[in-house]
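Descriptive analysis of the structure
Below, each chain spelled out in residue letters.
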Amino acid sequence: MQHVLEEIGSPSRSTKLALATATATTAAYLAYNHFSSSGSHRSSIPTLRGPPSSSLISGNLFLIFDPDIDQLEKWLEEYGNVFAVPALFGVKGLYLADPKAVAHVTSRFVAFPKPPALNFAIERLTGPGLVAAEGDMHKRQRRILQPSFSPAQVKQLTPGFVAKTQELKSIWKALCVEGPTTINVLHGLDHLTLDIIGESGAWTTYALALGYDFGSLHGASNELAQAFEDLLGETAMADPLHFIAGIFPSVSKLHILDALKPLKRNQVTANALAVLRKVGQELIDAKRKDLEGLPDGGADELLGQDLLSVLLRSNMKEADSQRMTDEEVIAQINTFVIAGHDTTSTSTSWTLPTLEDLSNMTYLDWVVTESLRRHPAAHAMQRMPAKDEVIPLSEPVVDKNGKEVNEIVLKAGETIFVSMAAFNWSTKYWGPDAHEFKPERWANPPEESSVIPHVYANLMTFFAGPRACIGWRFALAETKAILFVLLRAFEFEIDPQLVVKTKS
């Protein structure tokens, strides 16, 4: 049994990118909406209580997207499950942690889309994929993608998760030959999950499994791996000009961003996106050529094969007018690589208990689920009403005037912050020990948690409604497979010389 002193790395690159994107888009959109909205409809937001601003410029945006668990609990105790929260220059949005209200918003995703500026930023990063898509486009893409993430499909992929983790185990064992060693666990898991997505061979996974091996675990370098590194790296962090273009479409039509390409940040992003498009098209063309040579488009031969094959097969079954374009398929590749490898590696780095904890698979389920509860990959999501809306509440909140409010009136375009952290961490749903990491709670989950909108285990970690994470089964299977291999080979503890700070 090897002994590893675990170094929890810094916040994941895609998490930092998401936080920067969300902060900038929220700030820009709230400011624009505040100064440009019109109409006589009266919003409830100005009358709601809420926390004071922590910054004259950014308000409480950083506390929303990267919250302190104790601070969040204080907010919920003082203001209730719905309150006004300051954003840019004090312009307020709606913080939503009421189960009935969140179910109302998440189930009506056409009525409550993402802010346009946020969509613009996401689409620039991934292309017109599932995360960026809205309305009928999202419905169509999700329908076509669904077979790639079915329980049977994920089951077929699981042995590949185990096989690839064995490679990481061998690398770490070599580092531990002379005894306990400090290893950046997050760094290793980040490379592992990227290779799981891209690995070629008998157990192929995502689109990139068509002979394009990232080789990330072994330090290999190739144009596609470098493109994703650049896209998620510090030099590709969100540029405020992109958000302005998202709010004012005329900016992008004037090709102002193209004119700014000599700037390093824009040039790196543009080059990375060009590589993703080129290689993505090559992968699609090669797989399509293979499928066209199989009987009936390869229906039987595709059973249990890579997810791109399943996606293309599903797409071929659609009427011509409903099929995804190649640009949309490439966007799915980008979306799943960015969302899939970084999220799982970050969550798993907080899920390394002792070997004794995993004496049976039931406990493994508890450990993974509790980690997803305490350490969700994202803490809040943004939404906005496409038109004036009235949102019902499960219990009243008290406004500034001491009046009980049973519903929230919103103007079109006002920003909603749907909180996943509030549901996952609240003592109201999980009891007085909600702030503790306690896998045993899943032997008998609190009945109070059953009201939380969810797709898995009464948790908001994977969001809820028609826009819930399509890959949640994939993420669970991958996490369990990684733990199954590593915890039989190593004992983990945090290096006492390191100062560990929990970050989203």
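No experiment lies behind these values; they were computed from the predicted model shown.

Cut-offs and rules
- Residues numbered from 1 in each chain as written.
- Predicted model: local features only at pLDDT ≥ 70, side-chain atom pairs only at ≥ 80, totals over all residues.
- Heavy atoms only, no water.
- Helix = DSSP H or I, 4+ residues; strand = E, 2+ residues; numbered from the N terminus.
- Buried < 20%, exposed > 50% of the residue type's maximum accessible area, 1.4 Å probe, protein only.
- Contact = heavy atoms within 4.5 Å.
- Areas by Shrake-Rupley, 256 points an atom, 1.4 Å probe, with all protein chains shown as cover.
- Pairing = 2+ DSSP bridges.
- Axes fitted to C-alpha atoms, helices over the stretch in contact; angles between N-to-C directions.
- pLDDT = per-residue confidence, 0-100.
- Parallel < 35°, antiparallel > 145°, perpendicular 65-115°, else oblique.
- Left-handed = near helix turned anticlockwise from the far one by under 90°.
- Nonpolar A, V, L, I, M, F, W, Y, C, P; charged D, E, K, R; others polar.
- Phe/Tyr/Trp six-rings, centres within 6.5 Å; stacked < 30°, edge-to-face > 60°.
- Lys NZ or Arg CZ within 6 Å of the ring centre and 35° of its normal.
- Salt bridge = Lys/Arg side-chain N within 4 Å of Asp/Glu carboxyl O.
- Polar contact = N/O pair within 3.5 Å; in protein donor to acceptor, adjacent residues only side chain to side chain.
- Core = buried A, V, L, I, M, F, W, Y, C linked by side-chain atoms within 4.5 Å.

Let's talk about the overall build of the chain
- From N to C terminus, the chain includes 19 helices and nine strands.
- Per-residue burial for the chain yields a buried fraction of 56% across its 504 residues.
- Across the chain, every contact between residues at least 6 apart in sequence was considered, and the portion connecting residues at least 24 apart equals 76%.
- Accessible surface, the chain as shown: approximately 21300 Å² in total, 56% of it carbon and sulfur.

A look at the pairing of strand β7 (residues 404-410)
- Relative to β7, strand β6 (residues 389-398) runs antiparallel, the two being bridged by six bridges. Paired with I391 across the two strands is I408, which belongs to β7.
- Between β6 and β7, which follow one another and run antiparallel, lie five residues, and G402 among them has a positive phi close to 80°.

Structural notes on the sheet that holds strand β3 (residues 92-96)
- Overall, mixed pairing links the four strands, which are arranged β2-β3-β8-β5 in an open sheet. The strands lining the two open edges of the sheet, one partner per strand, are β2 (82-86) and β5 (380-383). In this sheet, neighbouring strand axes are inclined to one another by 30° on average, regardless of whether the strands run parallel or antiparallel.
- As paired strands, β5 and strand β8 (residues 416-419) are joined by four bridges and run antiparallel to one another. Considered in β8, the bridge of Q382 is made with F417.

Side note on the confidence of the model for the chain
- Residues at a pLDDT of 70 or more form 74% of the chain, whose mean pLDDT is 80.
- Per-element mean pLDDT across the chain ranges from 49 in helix α11 (residues 249-253) up to 98 in helix α4 (residues 99-107).
- Below a pLDDT of 50 lies the segment residues 6-11, which in the model reaches 24 contacts outside its immediate sequence neighbourhood of four places, other chains included.
- The low-confidence segment residues 200-211 (pLDDT under 50) makes 47 contacts with residues lying over four places distant or belonging to another chain.

Structural notes on unusual backbone geometry
- The phi dihedral of A457 falls on the positive side, at around 55°, and the residue is not glycine.
- Here A457 is to be found in the loop between α18 (427-430) and α19 (472-486).
- The phi angle at F463 is positive, at roughly 65°, despite the residue not being glycine.
- Mapped onto the elements, F463 comes out in the loop between α18 and α19.

Description of the side chain of N119
- Relative to the assigned elements, N119 resides in helix α5 (residues 116-126).
- Beyond its immediate sequence surroundings of up to four residues, N119 is in contact with K114, V131, A132 and E134.

Examining the packing of helix α16 (residues 361-374) against α19
- The interhelical angle for the contact between α16 and α19, taken along N-to-C directions, is 120°, at an axis separation of 11 Å. Between α16 and α19, the crossing angle belongs to the class labelled oblique. In this structure, the crossing between α16 and α19 has a hand that is right-handed. Between α16 and α19, the residues in contact are M361, L364, D365, V368 and L372 and L476, T479, K480, L483 and F484, respectively.
- Its residues assigned to classes, the contact of α16 with α19 comprises seven nonpolar, one polar and two charged.

Things to note about the packing of aromatic side chains
- What the rule picks out here adds up to 16 aromatic pairs.
- Note that K173 overlies the ring of F490, its terminal NZ or CZ placed 5.9 Å from the centroid.

Concerning the pattern of salt bridges
- Tallied over the entire structure, the rule returns 17 salt bridges.
- Two residues, E395 and K428, come together in a salt bridge whose shortest N-O distance is 2.8 Å. Residue E395 is located in strand β6, and its partner K428 is located in helix α18; the two are separated by 33 residues in the primary sequence.
- Connected through salt bridges with shared partners, the residues E370, R373, D433, K438 and R441 form a single ionic network.

Description of α4
- Of the residues making up α4, those classed as buried are P99, A101, V102, H104, V105 and T106.
- On the buried face of α4, the contacting elements are β3, β5, β6, β8, α17 (420-425) and α18.
- A distance of 3.1 Å separates the backbone nitrogen of K100 from a side-chain oxygen at the start of α4, and that oxygen is part of D98.

Looking at α5
- Those residues of α5 not exposed but buried are A117, L118, N119, A121, I122 and T126.
- Positive backbone phi, at 90°, marks G127, one or two positions downstream of α5.

Notes on the packing of helix α6 (residues 135-145) against helix α14 (residues 307-316)
- Packing of α6 against α14 brings their axes to within 8 Å, and their N-to-C directions diverge by 120°. Of the possible angle classes, the one that applies to α6 and α14 is oblique. Between α6, through R143, I144 and L145, and α14, the contact on the second element is made entirely by L311, S314 and N315.

A closer look at the environment of F89
- Tracing the sequence through the fold places F89 in the loop between β2 and β3.
- Spatially, the C-alpha atom of F89 lies 8.1 Å from that of S55, the residues being 34 residues apart in sequence.
- Setting aside its immediate chain neighbours within four residues, F89 contacts L56 and I57.

Section: the nonpolar core
- Counting 75 residues, the largest nonpolar core has I408 and M460 as the members making the most contacts within it.
- It is α19 that provides the largest number of residues to this core, a total of nine residues.

Thoughts on the side chain of S44
- Of note, S44 is situated in the loop between α1 (13-36) and α2 (61-65).
- Given a relative accessible area of 11%, S44 falls into the buried group.
- Not counting the four nearest positions on each side in its chain, S44 is found in contact with E407, I408 and V409.

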